[in-house]
Amino acid sequence: MSLRCQGVFVGLLLAAAPGVDSHAAVVPRVRPAGPAAQLESLRREERGPRPPPADAAAARREAIALEFLRDHEIGRAIEVLSEAAGLRPQSGRILARLTLAYLENGDFEFARAEVDAASDRADLEPAPAALWSEAAARFAAVNRLEDAIAAWELLERGGNGEGVPSVSARIERARRELAVTPGQRLRQGERFAIYSDSAIPEGVLAAVEAHLEREYDRQREFFGAGDLPGSQTVVLYSGRRFFSLVSVPDWVSGVFDGKIRISIEASSGFDQELASVLSHELAHAWIRFLSGDRAPGWLHEGLAQWCEGRRIPRKDFHAVFTRLPVFSLAEMEGNLGRRGDRAVARANYAEALGIVEYLVFTHGEGALICLLHALSGGAALEDALRREAFVTAVEVVARWKAWAGV
């Protein structure tokens, strides 16, 4: 019997029990008025003989808008916050909340207009640091770097940048990125927002988009998931100017940092190597999403290689690791944060893929997906490994070594 059925059954028992007044036993629940009712009540007050002061009316609208946001009624929240901003246009907090509501709704131009409205006011009241910081992060996540800079500058102007690490450094990095990516064009779809340097031929851009669309469907089926949240930002660079700016080694042609960033030699066209890099970086987006951004580096890199189709035959592992060291999972995690040593990187990538291959061989692909979900649910890596693969972090490396003959 479901909990719902149990609840109905108990209610019937109370109603039918001898000596129990069924009317007295049922106490009606008084629910607080929802945001729509609160808003209507406020508007009636404003039309009455004693309307509330503008500041109080704005504050009440802000609170009502937060209720609408909690109910996922973003359009109503935007409506009410716009009214609040009209009543108190100097409130940085209200303008920041309105900016975030527009961003949540995907209305980036309107969001930027609110940032500009805040920037233009000499009497702007500071907003909590977290609000403008979140707005800047959301702008940056979709590659709207000028908008992100404007939001970060509001933090600095209000003296709230102290509550956010490295605001000045983020602004400087965004400015440097803008300087090395002039003339980018945007190809916006439902799943992908693809920014590309003007030097990349249209044919290559179209092939990239088509490959990503196919891979999205394939990987979604592999991971047994719904859709990724929002459209994924992809940035295609002609050459390595940006990668050099952020110190990415010259043997790395793709990076995932919340955006899929790919370095392309415009003259090379679309080939299998580029297709593999795109598949690899897209897999990182799925892994990050499904694990709640809690997957360790070795799992990220091993599973992303598996998704791109890379394999090391079991019989070949011994030859690979006669020249390369074997690391613990903790050592791999530290090494993957340092990209400088190519030999160490090759060892980490080969071992990460090897462990994924071993787990697939012994437990199937589903165990890896379950591992991601366990991490997303808050499990520590050690507990997730025990639950889904029946091994500890030490044992999984030892058993892979024995399986691979390393």
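Residues numbered from 1 in each chain as written. Predicted model: local features only at pLDDT ≥ 70, side-chain atom pairs only at ≥ 80, totals over all residues. Heavy atoms only, no water.

Asks: Pulling in residues and values, what's your account of the overall build of the chain?
Replies: When its secondary structure is counted, the chain shows 20 helices and 5 strands. Residue pairs at least 24 apart in sequence account for 64% of intrachain contacts in the chain once pairs closer than 6 positions are excluded. Just so you have it, the chain exposes about 20,400 Å², and 53% of that area is on carbon and sulfur atoms. (Helix = DSSP H or I, 4+ residues; strand = E, 2+ residues; numbered from the N terminus. Contact = heavy atoms within 4.5 Å. Areas by Shrake-Rupley, 256 points an atom, 1.4 Å probe, with all protein chains shown as cover.)

Asks: Tell me about the nonpolar core, residues and numbers included.
Replies: Ranked by size, the top nonpolar core spans 68 residues in total, and within it Phe-223, Leu-236, Leu-303, Leu-329 and Ile-355 carry the most contacts. Contact partners of Leu-236, with chain neighbours within four places excluded, come to Ile-194, Tyr-195, Ser-196, Asp-197, Ile-200, Leu-205, Val-208, Ile-262 and Ile-264. (Core = buried A, V, L, I, M, F, W, Y, C linked by side-chain atoms within 4.5 Å. Buried < 20%, exposed > 50% of the residue type's maximum accessible area, 1.4 Å probe, protein only.)

Asks: Break down the packing of aromatic side chains for me, citing the residues and quoting the values.
Replies: Counted by the stated rule, this structure contains 13 aromatic pairs. On the basis of an interplanar angle of 85° and a centroid distance of 5.8 Å, the ring pair of Phe-192 and Tyr-216 is categorised as edge-to-face. With a gap of 24 residues between them, Phe-192 in strand 2 (residues 192-196) and Tyr-216 in helix 11 (residues 202-223) connect regions that are remote in the sequence. Tyr-216 carries the same exposure label as Phe-192, and that label is buried. Members of the aromatic cluster, joined through ring pairs, are Phe-317, Phe-321, Tyr-358, Phe-361, Trp-400 and Trp-403. Here Arg-311 stacks its cationic end above the ring of Trp-306, 3.4 Å away from the centre of that ring. (Phe/Tyr/Trp six-rings, centres within 6.5 Å; stacked < 30°, edge-to-face > 60°. Lys NZ or Arg CZ within 6 Å of the ring centre and 35° of its normal.)

Asks: So what's going on with helix 10 (residues 167-180)? Residues and values would help.
Replies: Under the 1.5 Å per step criterion, the end-to-end length of helix 10 is 20 Å for 14 residues, consistent within 8% with the ideal 20 Å. Val-167, Ile-171, Ala-174, Glu-177 and Val-180 are the residues of helix 10 that are buried. Where helix 10 is buried, its residues contact helix 9 (145-157), strand 3 (232-238), helix 12 (241-245) and strand 5 (260-264). (Expected span 1.5 Å × (residues − 1).)

Asks: An account of the side chain of Thr-392 is needed here, citing residue identities and associated values.
Replies: Tracing the backbone shows Thr-392 in the loop between helix 19 (381-389) and helix 20 (393-404). Thr-392 gets classed as buried once you look at its relative accessible area, which sits at 9%. With residues near it in sequence (within four places) discarded, Thr-392 still touches Glu-382, Leu-385 and Arg-386.

Asks: Summarise the environment of Val-80; cite the residues concerned and give the values.
Replies: Positionally, Val-80 belongs in helix 5 (residues 74-87). Relative accessible area serves as the criterion here: at 0%, Val-80 is assigned to the buried category. For the pair Val-80 and Ile-64, spaced 16 residues apart in the sequence, the C-alpha separation amounts to 7.5 Å. In this structure, Val-80 is in contact with Leu-39, Arg-61, Ile-64, Ala-65 and Phe-68, ignoring residues within four places of it in sequence.

Asks: Describe the pattern of salt bridges, listing the residues and the values that go with them.
Replies: Proximity of charged atoms lets side chains of opposite charge pair with each other. Summed over all chains, the structure comprises 36 salt bridges. Put simply, Arg-138 and Glu-104 hold a salt bridge, and the shortest N to O gap is 2.6 Å. With Arg-138 in helix 8 (residues 129-141) and Glu-104 in helix 6 (residues 92-104), the pair connects residues that are 34 residues apart, well separated along the chain. Judged by its relative accessible area of 30%, Arg-138 falls in the partly exposed class. Across the salt bridge formed by Arg-173 and Asp-257, the nearest N and O atoms sit 3.9 Å from each other. Highlighted residues: Arg-173 in helix 10 and Asp-257 in the loop between strand 4 (254-256) and strand 5, separated in sequence by 84 residues. A relative accessible area of 37% means that Asp-257 is categorised as partly exposed. Ionic contacts of the salt-bridge type, sharing partners, join the residues Arg-43, Glu-46, Arg-61, Arg-76, Glu-79 and Glu-83 into one network. (Salt bridge = Lys/Arg side-chain N within 4 Å of Asp/Glu carboxyl O.)

Asks: Tell me about the environment of Ser-82, and please be specific about residues and values.
Replies: Locating Ser-82 in the fold gives a position in helix 5. Look at Ser-82 and you get partly exposed, because its relative accessible area is 30%. Through-space distance from the C-alpha of Ser-82 to that of Ala-58 is 9.7 Å; in sequence the pair is 24 residues apart. Apart from the residues lying within four places of it in its own chain, the contact partners of Ser-82 are Leu-98 and Tyr-102.

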